[in-house]
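If you want the building blocks of each chain, they are given just below.
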Amino acid sequence: MRLIINGDDFGLTKGVTKGIIKGIKEGIITDTSALANSDYFIDAANLAKEEGILSMGVHLTITFLRPVLKELKNIVDKDGFFYRKPLLIPAPYDYIEIEDELRAQIEKFLSTGLKLNHLDTHHIFSIMDEKIFEIVVKLAKEYNVPIRRDFSLSNNEEKLFDIARKNIINTTDILLFQSGKAVTKEYIIENVDKCKEEDIDVEILAHPGYVDEELKKISSLTYNREKELEVYLDSKIKQYIKKSNVELISYCQL
């Protein structure tokens, strides 16, 4: 078994960014994905490079703060902000705006000099609509990177998997996701025990970080991030992973 533990929301705030870096440098977090439209993203990218973290994914979003592009009309509210939840985005969706904005986020990420190693999506918006999923797959193919196995959380899983497979897009075999809950030591052990003897790639979707005042203003997910970070830094979990012969990898090795 090969295991990716990906810390979402890199660049969200200083506290979240520092927590993810600590988890990578001192714990079992193996990868991360950045919010390229966040106010702190450029500083976070520079900090990553200073710490020797040279590759990561882009955490594509159409539901967080403002877009990278300024001329969007249909997927933002009257004040120019993204709607906070996928279901709030007015339908029919403007697929041209969505694709243009997602590509702009990737290009902004690449402009920092960091290497792109995968794509995933904030609030898993890629599974809300088949055409939106096709856009994410199209971009993954264009930039030659894997995607997160978000489609495993969809009611339309088989159809979305067929789209990824036909486009020869790489992904993990299993995605583990605790919706609305912090990942615990027990959750990791339970799921690794099920898979550790298999020749498969597994991702744990993680939300580690430190809580700061900015995070409290812009995210409903706060102190669970600190609880998760403690798990990924825990010496017993590190020992358990080592004894289980689980290979910790990043998306670069997928």
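You'll find the structure just up there.
Everything quoted here is computed from the prediction, not taken from an experiment.

(A) Layout of the environment of Thr-184. Among the structural elements, Thr-184 can be located in the loop between β5 (174-176) and α6 (185-195). Remark: the alpha-carbon pair of Thr-184 and Glu-203, spanning 19 residues in sequence, is separated by 15 Å.

(B) Focus on the packing of aromatic side chains. If you walk through the whole model with that rule in mind, you get four aromatic pairs. Ring plane angle 75° and centroid distance 6.3 Å describe the contact between Tyr-93 and Tyr-95, whose orientation is recorded as edge-to-face. The class of Tyr-93 is buried, set by a relative accessible area of 17%. A connected cluster of aromatic rings, assembled from ring pairs, spans Phe-133, Phe-151 and Phe-161. Seen from the ring of Phe-81, Arg-66 lies directly overhead, with NZ or CZ sitting 4.0 Å from the centre. Here the basic side chain of Arg-149 rests over the ring of Phe-161, its NZ or CZ set 5.2 Å away from the ring centre.

(C) Up close: unusual backbone geometry. Look at the link from Ala-91 to Pro-92: it is a cis peptide, with omega at 0°. Structurally, Pro-92 is set in the loop between β3 (55-60) and α3 (95-110). One non-glycine residue, Asp-9, lies in the positive phi region at around 75°. With respect to the element layout, Asp-9 can be found in strand β1 (residues 2-10).

(D) The pairing of β1, seen in detail. Among the nine residues of β1, eight are classified as buried, and the element is accordingly described as predominantly covered. Pairing of β1 with strand β6 (residues 201-206) involves six bridges; the strand directions are parallel. Pairing of Gly-7 across the sheet is with Ala-206, part of β6. Strand direction decides the pairing type here: β1 and strand β7 (residues 247-248), joined by two bridges, are parallel. Residue pairing in the sheet places Arg-2 in a bridge with Glu-247 of β7. As judged from the three bridges shared by β1 and strand β2 (residues 31-34), these two strands associate in the parallel manner.

Conventions we followed
Residues numbered from 1 in each chain as written. Predicted model: local features only at pLDDT ≥ 70, side-chain atom pairs only at ≥ 80, totals over all residues. Heavy atoms only, no water. Helix = DSSP H or I, 4+ residues; strand = E, 2+ residues; numbered from the N terminus. Phe/Tyr/Trp six-rings, centres within 6.5 Å; stacked < 30°, edge-to-face > 60°. Buried < 20%, exposed > 50% of the residue type's maximum accessible area, 1.4 Å probe, protein only. Lys NZ or Arg CZ within 6 Å of the ring centre and 35° of its normal. Pairing = 2+ DSSP bridges.

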